[in-house]
Amino acid sequence: MSVFNDLITTVSKKGAAYVVLIDPDRNDEDSIQDRVQKANISGVDALFVGGSLMMDSKCVDRVKLIKSYSNIPVIFFPGGVGQLNPYYDAMLFMSVISGRNPHYLIGEQVISAPLVKDMDIETIPTGYLLIDGGAGSTVEFMSGTRPIPMDRVDVTVAHALAGQYLGMKLIYLEAGSGAKYPVSSSLIGAVNDMIDVPLVVGGGIKTPEVAAEHVQSGASIIVTGTVIEDDASRMKEFSDAIHWRE
Ligand code: 1GP
C-alpha cells in the first residue's frame, strides 16, 4: 500500500491524521532520536521532514537518521530541491499555487522530477496555499510570494478548487511555521465545503484544542512543528485530540 493510501485510510478510521514536522535544520542527532522515538509511541501517523532554509550541510545525514529511528512514514516536505535524498518514503510533490512565482509553481518541480524518478520516491501531488498567519513567514521570503490574507475566503476557496481541478491529491493550508494566528476554523470550513480532496492544515497550531477544532471544521491532516520542537512530550495530547474517532 502506498504512503498516501495509508494516510487516507488513517483519516477514515481515526477521523483525521496527525503529522509532526521535523526540520533537519532545527535538530541535532540527540533531539532527532528523542523526537522520532517519541513520535513512534505517541500515535503520530507520519513525519514531514523539511524546512525553508538549511544553515549547514548536514541535512542528508539527519534525514538518514530520522529514517533509521522511525517506525512511521517519513515524508519529504520540500523547502527546495537541494533537500532531496533517497531516505524518504514519499514526498509532497508541491506547487505553491497561492503564489505567482513560476519557480515555485513549476520550476523546482521540473528540476526535481528526474531525481525523484531515479530515487523512486512516491509522489503526492499537493497544492500548497500560503495564508497570512501574521508573522512574516520564512516561506513567504523564500518563495517570493504573497500570502493570501486570512479573511479572503473567496480567494482561498478559488485557489483550492483550482488545485483540485489540476489534479492535486491534497490541498495544504499553511499559515507558516511559528505563525501568530493559525488558519482560522471558518476558513478551513469554507474550503472544506467547496473541495473534495483532503485538507492539510499547519502553521501556528499551539494547542490540542485548536487542532481538534480544525479537524471538526474539516481538516483531514494536522501538522505541528514548533510546539513539538519546544516540548516533544506533547505529541500524545495532540494525537488524542486529533484522532476523535478512536
Ligand atoms: C507546517 O509550517 C507548519 O505546516 C509548521 O508550523 O512550526 O508553527 O507548527 P509550526
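The text that follows walks through the structure, step by step, so that each part is easy to find. Small disclaimer: the values here were computed from a predicted structure and weren't measured.

Examining the packing of aromatic side chains
- Throughout the structure, instances matching the rule amount to seven aromatic pairs.
- Ring geometry for F48 and F77: centres 5.5 Å apart, planes at 25°, overall stacked. Within this pair, whereas F48 is found in strand β2 (residues 46-49), its partner F77 is found in the loop between β3 (74-76) and β4 (90-96), the two being separated by 29 residues in sequence.
- Look at F48 and you get buried, because its relative accessible area is 1%.

Observations concerning empty space enclosed by the protein
- Tallying each qualifying case throughout the model produces one cavity of 30 Å³ or more.
- In this model, the largest cavity occupies a volume close to 50 Å³.
- Together, I131, D132, G133, G134, A135, G136, S137, E140, A175, G176, S177 and A179 line the largest cavity.
- Considering only residue class, the lining of the largest cavity consists of four nonpolar, six polar and two charged.

Remarks on the site of the ligand
- Around the ligand, 13 residues are found, and the nearest of them are Y172, S177, G178, G225 and T226.
- The contact in question runs from an oxygen atom of the ligand to an N or O atom on the side chain of E174, over 2.8 Å.
- G178 places a main-chain nitrogen or oxygen 2.7 Å from an oxygen atom of the ligand.
- Alone, the ligand offers 310 Å² of accessible surface; in the complex the protein occludes 97% of this.
- A majority-of-atoms criterion places the ligand in the largest pocket.
- Breaking the shell around the ligand down by element, the ones donating at least two residues are β6 (170-174) and β8 (221-224).
- The residue inventory of the shell around the ligand, partitioned by class, reads three nonpolar, nine polar and one charged.

Considering the environment of V60
- By the element assignment, V60 lies in helix α3 (residues 59-69).
- Taking the C-alpha atoms as reference points, V60 and A158, 98 residues apart in sequence, are found 37 Å from one another.
- What V60 contacts, discounting residues up to four positions off in sequence, is N85 and Y87.

Digging into the environment of K38
- Tracing the backbone shows K38 in helix α2 (residues 29-40).
- With relative accessibility at 29%, the residue K38 sits in the partly exposed group.
- A C-alpha to C-alpha distance of 34 Å links K38 and I97, two positions 59 residues apart in sequence.
- When near neighbours in sequence (up to four residues on either side) are disregarded, K38 contacts A232, S233 and M235.
- A distance of 2.6 Å separates the side chain of K38 from the side chain of D34, its partner in a polar contact.

So, the pairing of β2
- Along β2, one buried face is formed by A46 and F48 and the opposite face, lined by L47 and V49, is buried too.
- Alignment of strand β1 (residues 17-22) against β2, held across four bridges, turns out to be parallel. Each bridged residue has a counterpart across the sheet, and for V19 the counterpart in β2 is A46.
- Tracing the backbone out of β1, into α2 and back to the parallel element β2 gives a crossover that is right-handed.
- When β2 meets β3, the two strands line up parallel, connected through three bridges. By the bridge assignment, V49 is partnered in β3 with F76.
- The handedness of the β2 to β3 crossover, carried by α3, is right-handed.

Considerations on a nonpolar patch on the surface
- A surface patch of nonpolar side chains, about 460 Å² in accessible area, is lined by L53, M55, F141 and M142.
- Locating L53 in the fold gives a position in the loop between β2 and α3.

Calculation notes
Residues numbered from 1 in each chain as written. Predicted model: local features only at pLDDT ≥ 70, side-chain atom pairs only at ≥ 80, totals over all residues. Heavy atoms only, no water. Phe/Tyr/Trp six-rings, centres within 6.5 Å; stacked < 30°, edge-to-face > 60°. Helix = DSSP H or I, 4+ residues; strand = E, 2+ residues; numbered from the N terminus. Buried < 20%, exposed > 50% of the residue type's maximum accessible area, 1.4 Å probe, protein only. 1 Å grid on protein atoms, 1.4 Å probe; cavity = no way out; pocket = protein on both sides within 12 Å on 5 of 7 lines; lining within 4 Å. Points joined across faces, edges and corners; volume = space filled by probe spheres on them. Nonpolar A, V, L, I, M, F, W, Y, C, P; charged D, E, K, R; others polar. Near = heavy atom within 4 Å. Polar contact = N/O pair within 3.5 Å; in protein donor to acceptor, adjacent residues only side chain to side chain. Areas by Shrake-Rupley, 256 points an atom, 1.4 Å probe, with all protein chains shown as cover. Sits in = over half its atoms within 2 Å of the grid points. Contact = heavy atoms within 4.5 Å. Pairing = 2+ DSSP bridges. Right-handed = clockwise from strand over helix to strand, strands pointing away. Patch = residues over 30% accessible without salt bridge, like charges linked within 9 Å, V, L, I, M, F, W, Y side chains within 5 Å. Salt bridge = Lys/Arg side-chain N within 4 Å of Asp/Glu carboxyl O.

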